[in-house]
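Below are the chains, spelled out letter by letter.
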Amino acid sequence: MSGQPEGEFDVTELIAVEPGDPAAEQGNIIDTAEPFQLRATFDGTGTDWGNMEGGGWAYSAWFYAHGLGPGMPTLFFGPAVIGNLGAGGPYTAVQLVPGGTLPAGTYKCTVVVGFRNPATGTPWLGWLGYNECVIMMFPWEE
């Protein structure tokens, strides 16, 4: 269809990684007092994606935590993580979440990734991607 992007874009993964994990593997249960990272991976293919990489388009990744259950908070971990596309992906955006930010409970974490035209700074509405994971914040997690 005319006006549609030529190619594909996908946020392929969102994981929570605990500090000090040498393998940087996903941790679904995290100590409430410890910091952790939310790590999103994304990539694309096709003509438009190649042009965006070649033009150094900016990406913005917004991270959220949605508490599951009565009285659980919903948080935006702003500001957005910003970077530029370059010589080839996949790309990774990382949000550090300080210890003590989320109280004990279960959360659906979400990332939304969008793009900006480097010449004008305006958002490009052709592609917007997201992914999610579920974590449990628990005191005394080992």
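Treat the numbers as computed from the prediction; the structure is a model and nothing was measured.

1. A word on the overall build of the protein
Piece 1. Looking only at helices and strands, the protein has one helix and nine strands in total.
Piece 2. What you see in the protein, going N to C, is helices and strands ordered as β-β-β-α-β-β-β-β-β-β.
Piece 3. Taken over 142 residues, the protein has a buried fraction of 38%.
Piece 4. Contacts in the protein between residues at least 24 apart in sequence constitute 73% of all its contacts with a sequence separation of at least 6.

2. Here's the deal with the pairing of strand β4 (residues 58-68)
Piece 1. Inspection of the sheet shows β4 paired to strand β6 (residues 81-84) by four bridges, in the antiparallel sense. Along β6, the bridge assignment pairs Ser60 with Ile82.
Piece 2. Sheet topology note: the β4/strand β8 (residues 105-116) ladder contains eleven bridges and is antiparallel. When the bridges of β8 are listed, Ala61 appears paired with Val113.
Piece 3. As paired strands, β4 and strand β5 (residues 74-76) are joined by three bridges and run antiparallel to one another. In the sheet register, His66 faces β5, and the bridge partner there is Thr74.
Piece 4. Joining the antiparallel neighbours β4 and β5 is a turn of five residues, in which Gly69 adopts a positive phi near 125°.

3. Some points on the packing of aromatic side chains
Piece 1. Summed over the entire model, instances satisfying the criterion amount to 13 aromatic pairs.
Piece 2. With centroids separated by 4.9 Å and ring planes inclined at 70°, the aromatic side chains of Phe42 and Tyr59 adopt a geometry described as edge-to-face. One end of the pair, Phe42, is in strand β3 (residues 36-45); the other, Tyr59, is in strand β4, with 17 residues separating them in the sequence. Of the two residues examined, Phe42 and Tyr59, each falls in the buried class.
Piece 3. One aromatic cluster is present, formed by Phe9, Phe42, Trp49, Trp57, Tyr59, Tyr91, Phe115, Trp124 and Trp127 through successive ring pairs.

4. A few points about the nonpolar core
Piece 1. One finds Phe42, Phe63, Phe115 and Ile135 to be the most contacted residues of the largest nonpolar core, which totals 32 residues.
Piece 2. Taken together, the elements giving at least two residues each to this core come down to β1 (8-17), β3, α1 (47-54), β4, β7 (91-97), β8 and β9 (123-137).
Piece 3. Looking at this core, the element that brings in the most residues is β8, giving five residues.
Piece 4. When near neighbours in sequence (up to four residues on either side) are disregarded, Phe63 contacts Leu14, Leu38, Ala40, Leu75, Phe76, Phe77, Val81, Ala93, Gln95, Thr110 and Val111.

5. Comments concerning the sheet that holds β3
Piece 1. Read across the sheet, three strands follow the order β1-β3-β7 without closing on themselves; strand pairing throughout is antiparallel. Two strands close off the open sheet at either side, each with one partner strand: β1 and β7. Neighbour-to-neighbour, the strand axes of this sheet turn through a mean angle of 15°, independent of strand direction.
Piece 2. Its contacts with the sheet put α1 on β1, β3 and β7, and the angle it makes with β3 is roughly 120°.

6. Let's talk about the pattern of salt bridges
Piece 1. Evaluation of the coordinates by the stated rule reveals one salt bridge.
Piece 2. For Glu132, the salt bridge is made with Lys108, and the minimal N-O distance between the two is 3.9 Å. One end of the pair, Glu132, is in strand β9; the other, Lys108, is in strand β8, and 24 residues separate them in sequence.
Piece 3. A relative accessible area of 31% places Lys108 in the partly exposed class.

Conventions we followed
- Residues numbered from 1 in each chain as written.
- Predicted model: local features only at pLDDT ≥ 70, side-chain atom pairs only at ≥ 80, totals over all residues.
- Heavy atoms only, no water.
- Helix = DSSP H or I, 4+ residues; strand = E, 2+ residues; numbered from the N terminus.
- Buried < 20%, exposed > 50% of the residue type's maximum accessible area, 1.4 Å probe, protein only.
- Contact = heavy atoms within 4.5 Å.
- Pairing = 2+ DSSP bridges.
- Phe/Tyr/Trp six-rings, centres within 6.5 Å; stacked < 30°, edge-to-face > 60°.
- Core = buried A, V, L, I, M, F, W, Y, C linked by side-chain atoms within 4.5 Å.
- Axes fitted to C-alpha atoms, helices over the stretch in contact; angles between N-to-C directions.
- Salt bridge = Lys/Arg side-chain N within 4 Å of Asp/Glu carboxyl O.

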